[in-house]
Amino acid sequence: MLRRNLTAKILVAVGLTVAVVIAIYTYFVIRVQSAWWHERTQAQNLIAASMVHEYLNGVMLSDRHEEVQGFLQRMQASGEIRRGRLIKLDGSVAFSTETQEVGHAAMHVPAELFGEGRVLQGEHIEDGEHLAVAMRPVANAESCQKCHNAHQPYNGAIILERSLAPAEASVAGNRNLLIVYGIVIFILVGVVLWLLIVRLVSQPVTALLTQMRRVERGDLAAHAEAQSPDEIGELARDFNAMVRSLDATKRELHASHEKQMQQASKLASIGELASGIAHEIRNPLAGIGAAVEVLSEETGLNGQRTEIVGEIRRQITRLNTTLRDLLDFARQREPEIEVCAVGELIKPMLALVRPDVQKQHITVAEQYDADLPPIRADAGQVQQALLNVLLNAIQAMPESGTLTVRATVTNDRVQIRVADTGPGISPENLQKLFLPFFTTKHRGTGLGLAITRTIMEKNGGTIRVESEPGSGATFILEFQVHLPAAVSTAPESTPEPRHREPAGPEGTDRVLPEVIHHGTH
Ligand SMILES: Nc1ncnc2c1ncn2[C@@H]1O[C@H](COP(=O)(O)OP(=O)(O)OP(=O)(O)O)[C@@H](O)[C@H]1O
Ligand SMILES: [Mg+2]
């Protein structure tokens, strides 16, 4: 509970500090007061001893010794002293408030009293009562030497004992008062602090937390009160700004998602429609193709007609290619993942485009990292993707240029970069490049890059393009590196990298030859 409650934590910490400060303060005040009271009692005791001394001189000189006893007892009765004695040099009691002591008891006399003639002060406890003691030597003045031996410097000493109980009672009273004050201050500080924390910290933080929880639950209408100009107010303002920006991003995402969904459903319907039409057209087209074949074999066609029939055959081939592209895009077969050597995927595709490369006087540069690891992908599909990109690059350089193919490895990704020195792509077209049916070519279908991107996604790879208008374009295809440990358990993997030869027109994998047509129309 305490660990989770900020108010309680601050209160306990401050409370403990205040309590310790008050305790230390009270302790020192009591000590100072107690010392003061003790000194005061001692001083009073000394004054009383001086008074006795004066009195003694008077009565001794006028030979009224017997009055001394009475004087001491009157002092005792008035509460001035607890006990009073006059002792002789040998310590025997000459006069005392305790009459039974007189002439009997022998007191212990400290050496300094008569040795140095010092006034001595001290304290002792008797029957649980603290007593202040003052000892004052009585000097042997000339006037005293009538009766006392002239060779002795002192005739005796006055010893007075005064109770310290009144001093202690006063100190105790003050101590109790200080403790009461301390408790009152402690409670006051606690209450004021509690009110301040609740008002300035706890309430705003709880309110902020409530709004945060709303955001956590997905309610972006949350808004925190941010009126105070302090740090908590700033926190609330930042929180509100963050929620607003989150809300805006969410709306944007939602809008873009909606758009994508619309686009996707539009594409799906177009795809369906297109593949339906493609199926419908394919058979009649095959019939027309067969009929044209028959016509072309007919003898007696003059030169102009042969040319017309040839053109019809070319157009039929083109239509076939477009139909296959459409069907291919609509079908989008699932990849058969295997372990493939990157170099072996690229080289056959470069060989396929060599006739076009030579015709257009294009220089080809190949750069491969020394230890290129194999990748995990459907070899046929990846070759199709590569070929689409290679064909685009070649088509972008009709009058010579340089085609650079690089394959590198970084961390767990293999990167294949296909760069050309063609006209490049405008920023506006860069946005639409991968959309189906986007083309700037007279005879293009605009499906090449759309198919390529789908292939890359299905094979766990990515494709992106870098281009500045006027300085060529670079298409970057990235694949996941094949990790031997990961495949040892994968059922579809093969231990050694292998390259699947592009299938012929009659093969099951018909994609490759189709795309070759697709790229060379
Ligand atoms: N290397 C490139 N240089 C310049 N523009 C390019 C390059 N590659 C693609 N493009 C642009 O992207 C468009 C779309 O390419 P995509 O391959 O999808 O279709 P296409 O090449 O036009 O037609 P198809 O591939 O069906 O023959 C192209 O029409 C072209 O404008
Ligand atoms: Mg293309």
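Residues numbered from 1 in each chain as written. Chains lettered and ligands numbered in written order. Predicted model: local features only at pLDDT ≥ 70, side-chain atom pairs only at ≥ 80, totals over all residues.

Trainee: I'd like to hear about the overall build of the protein, residue by residue, with values.
Mentor: Secondary structure summary: the protein contains 12 helices and 12 strands in total. Computed over the C-alpha atoms, the radius of gyration of the protein is 57 Å, more than 25% above the 24 Å expected from 2.2 N^0.38 for a compact globule of 521 residues. Overall, the protein is about 185 × 50 × 45 Å in size when its C-alpha atoms are taken along their principal axes. Restricting the contact set of the protein to residue pairs at least 6 apart, pairs at least 24 apart contribute 68%. (Helix = DSSP H or I, 4+ residues; strand = E, 2+ residues; numbered from the N terminus. Rg over C-alpha atoms; globule rule 2.2 N^0.38 Å. Contact = placed C-beta atoms within 7 Å.)

Trainee: Can you explain unusual backbone geometry? Please cite residues and give values.
Mentor: Within the chain, aspartate 127 stands out as a residue other than glycine whose phi angle is a positive 50°. Along the chain, aspartate 127 falls in the loop between strand 3 (120-126) and strand 4 (129-139). What makes aspartate 127 exposed here is the crowd of 5 C-beta atoms within 10 Å. Its identity as a non-glycine residue notwithstanding, serine 400 has a phi of 70°, on the positive side. As for its placement among the helices and strands, serine 400 is situated in the loop between helix 8 (379-395) and strand 9 (401-410). (Buried ≥ 20, exposed ≤ 12 C-beta atoms within 10 Å, placed from the backbone.)

Trainee: Mind laying out the site of ligand 1, listing which residues take part and the relevant values?
Mentor: Taken together, 23 residues form the shell around ligand 1, and within it Asn392, Thr439, Gly444, Gly448 and Leu449 come nearest. Elements with a contribution of two residues or more to the shell around ligand 1: helix 8, helix 10 (448-458) and helix 12 (511-520). Residue classes in the shell around ligand 1 are distributed as 9 nonpolar, 12 polar and 2 charged. (Near = placed C-beta within 6 Å. Nonpolar A, V, L, I, M, F, W, Y, C, P; charged D, E, K, R; others polar.)

Trainee: An account of the nonpolar core is requested, with residue identities and associated values reported.
Mentor: Counting residues in hydrophobic clusters, the biggest one holds 48 residues, and the most contacted among them are Ile346, Val382, Leu386, Leu390 and Ile394. Looking at which domains feed residues into this core, each of domain 2 (224-331) and domain 3 (334-520) supplies at least three. Setting aside residues no more than four positions away along its own chain, leucine 386 makes contact with Leu345, Ile346 and Met349. In this structure, Ile87, Leu113, Ala132 and Ala134 belong to the second largest nonpolar core, which totals 26 residues. (Core = buried A, V, L, I, M, F, W, Y, C linked by C-beta atoms within 7 Å. Domains from an automatic or database assignment.)

Trainee: Describe the sheet that holds strand 7 (residues 362-368), with residues and values.
Mentor: Taking strand neighbours across the sheet as the criterion, the 5 strands line up as 7-9-10-12-11 in an open arrangement whose pairing is mixed. Edge strands, defined here as strands with exactly one partner in the open sheet, are strand 7 and strand 11 (462-467). Averaged over all neighbouring strand pairs, the angle between strand axes comes to 15°, with direction disregarded. When strand 7 meets strand 9, the two strands line up parallel, connected through 7 bridges. Across the sheet, residue glutamine 367 finds its bridge partner in strand 9, namely arginine 406. (Pairing = 2+ DSSP bridges. Axes fitted to C-alpha atoms, helices over the stretch in contact; angles between N-to-C directions.)

Trainee: Please set out helix 6 (residues 303-331) residue by residue, giving values where relevant.
Mentor: With 29 residues, helix 6 should cover 42 Å at 1.5 Å per step; its first-to-last C-alpha distance of 42 Å lies within 8% of that length. Among the residues of helix 6, Thr321, Thr322, Leu323, Asp325, Leu326, Asp328 and Phe329 are the ones counted as buried. (Expected span 1.5 Å × (residues − 1).)

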